[in-house]
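Structural overview for review
Listed here are the chains, written in short residue letters.
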Amino acid sequence: MKLTLSTRKCWAGLASIGMVILSTQAWSGSSSANMGTSTTMGPTSSSFSLHGAFNNPAMNPLLVNTDESFRMSYFPNISYNMELGDLDNFTEDLDDLINLIDNPADNVDSASDTLDRFNDVVKLMGEQGYLKINVGIDAPLLPLIYKSDFLGGAIGFGAKTGVQIGMSVLDDNLGISTQGGGIETNTSLYLKSGLETTLSLSYGREIFALTDLGKLYVGAKLNLISMELSKQVVPLTTLDGKDVGDVISDTYDQNLEKATAMGIDVGLVWAAKDYRLGLTFENINAPEFDYGSVGINCASRGEQNDARDQCETASFFVQNGRINSTESHIKQALMRVDALYSITERLVVSAAYDTAEYNDTIGFDNQWFNAATSYDPVHPLIPDLRIGYQKNLAGTELSSLTAGLTLFSLVSLDLEYGLESTAVDGSELPRRFGFSFSIAESF
């Protein structure tokens, strides 16, 4: 189905894509928002962060001091990051095109040449115009680790909610309508989102020791995962001056699919005096979740309305092989290796590496490498400092610098700043940005 609207409204609708993307200039990503100090240190087997137990369940007994029986967070940890497509000169081109439409007397090109140029911009949007956002938050007082002789190790409890949202552009050629001279197109916003709530129960213990050489720890974690997945195709023609958020929210529930499944993680840690080696297997049972379908049974959406238009436009892109009407998100089995070395008692370097590519909730390719160093001074009034580097070895292949500090061995703030940039309204902005804030007991 071809949809038409006036030329001016088409330009405004297309421009709104850029404005929606750029309105979150603060800044994805990583496949999810790393929590707490893991934003800088990465998913390493570090005792400094309580989230070490989430990175590797074998870390449980190493996260509690020998003279204590438990360790916990005090307030919810909050993490956020964002990744932006490479939009160099995109908004400038749109501004030029809008000006030509508003002031046709200034246009020295023919209508066909103008459409050719505009189609090039729309194609660029489809190739590079995307936005990805990750948000994560822990439940109050969690994570919590409890260690006892009776258990022979340490048990961990966790509860967190994560949201991942991705927006890209499904581009379609523009043409001149034979009725009214307006522009017709199927160009649409394509949104995918996942709301994931996870309850975790983990256990870790020492299984043997070699005198003066080190100890081997093993752990396992059960994750009860509740997932809500939705995807939407929003034609620009359905915007018609409406707020994009309102249009999306009106049909969000119609494409929502909810499911619950169990995930299983297993970890090993070799802990020596000056170093630590970790091996983690995540989602070894590869739990699967379905997305809500699009572009199917459009007649059931009633008379012509926004929901019907979205369905029929989605069907157009399904028939052209651009998207799938039905799909599933599989939490692929993942193996990660990490290492930590103490240069001094207070200065530590670490690294973590995903051994294979995997898809995140909204279908982006990921394979992360992280390297970091941290300094933990003796005096509690001197901030703990850390700095790191991370790179996605797959997909967008973006990289970031990370840094953080912890005040009073309690309050932690970590930041991520992308090394690649894009031009927006004449300003250079990082393509990645993120932060994490936590209040939790540290060693």
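Residues numbered from 1 in each chain as written. Predicted model: local features only at pLDDT ≥ 70, side-chain atom pairs only at ≥ 80, totals over all residues. Heavy atoms only, no water.

**Focus on the environment of serine 46**
Note the threshold: Put simply, DSSP H or I for four residues or longer makes a helix, DSSP E for two residues or longer makes a strand, and each gets a number counted from the N terminus. Here, residues are in contact when the closest pair of their heavy atoms is within 4.5 Å.
Tracing the sequence through the fold places serine 46 in the loop between α2 (38–41) and α3 (52–55). In this structure, the C-alpha to C-alpha distance between serine 46 and arginine 276, residues 230 residues apart in sequence, is 8.4 Å. Non-local contacts of serine 46, meaning those with residues more than four positions away in its chain, are made with Gly52, Met59, Leu63, Arg276 and Leu340.

**Regarding the confidence of the model for the protein**
Under the convention used in this document: Known as pLDDT, the predictor's per-residue confidence is scaled from 0 to 100.
The share of residues in the protein with pLDDT of 70 or more is 83%, and the mean pLDDT across the chain is 83. Note that pLDDT drops below 50 for residues 1–31; the model gives that stretch 116 contacts with residues more than four away or on any other chain.

**What about the pairing of strand β16 (residues 347–354)?**
Just so we agree on the cut-off: Relative accessible area decides the class of each residue, using a 1.4 Å probe on protein chains only: under 20% of the type maximum gives buried, over 50% gives exposed, and in between gives partly exposed. Strand pairing is assigned whenever DSSP detects at least two bridges linking the two strands.
The alternating pattern of β16 places Val348, Ser350, Ala352 and Asp354 on a buried face, while none of Leu347, Val349, Ala351 and Tyr353, on the opposite face, is buried. Where strand β15 (residues 334–342) meets β16, seven bridges bridge the pair, whose relative direction is antiparallel. Across the sheet, arginine 336 pairs through a bridge with aspartate 354, a residue of β16. The antiparallel hairpin formed by β15 and β16 contains four residues in its connecting segment. Bridge count between β16 and strand β19 (residues 368–375): seven bridges; the pairing is antiparallel. Along β19, the bridge assignment pairs alanine 351 with alanine 371.

**Considering empty space enclosed by the protein**
Put simply, the rule reads: Method remark: on a 1 Å grid restricted to protein atoms, a set of points is classed as a cavity if a 1.4 Å probe fits but cannot get out and as a pocket if it is open with protein on both sides within 12 Å along at least five of seven lines; lining residues have an atom within 4 Å of a point. Grid points are joined across faces, edges and corners, and a volume is the space filled by probe spheres set on the points.
Here the second largest cavity defines a volume of roughly 110 Å³. Forming the walls of the second largest cavity are 14 residues, and the residues nearest its centre are Thr37, Ser49, Ser412, Ser438 and Ala440.

**Concerning helix α7 (residues 306–319)**
Our working rule: What a helix is expected to span follows from its residue count: subtract one and scale by 1.5 Å.
Between its terminal C-alpha atoms α7 stretches 20 Å, which fits the 20 Å expected from 14 residues at 1.5 Å a residue. For α7, the buried fraction is high: eleven of the 14 residues fall into the buried class. If you check which residues of α7 are buried, you get Ala307, Arg308, Asp309, Gln310, Cys311, Glu312, Thr313, Ala314, Ser315, Phe316 and Phe317. Directly after α7, the chain includes glycine 321, whose backbone phi takes a positive value near 75°.

**Describing the pairing of strand β5 (residues 144–148)**
Inspection of the sheet shows strand β2 (residues 70–72) paired to β5 by three bridges, in the antiparallel sense. Opposite methionine 72, over in β5, you have leucine 144 as the bridge partner. Connecting β5 to the next strand, strand β6 (residues 153–170), in antiparallel fashion are four residues, including glycine 152 with a positive phi near 75°.

**Things to note about the state of the cysteines**
Our working definition: The rule for a disulfide is simple: a pair of cysteine sulfur atoms within 2.5 Å.
According to the stated counting rule, one finds one disulfide in the structure shown. Cysteine 298 shares a disulfide with cysteine 311; S-S distance 2.1 Å. Because the sign of the S-S torsion sets the handedness, a value of about -85° for the bond joining cysteine 298 and cysteine 311 places this disulfide among the left-handed ones. Of this pair, cysteine 298 sits in the loop between β13 (288–290) and α7 while cysteine 311 sits in helix α7; the two residues are 13 residues apart in sequence, bridging distant segments of the chain. Like cysteine 311, cysteine 298 is buried.

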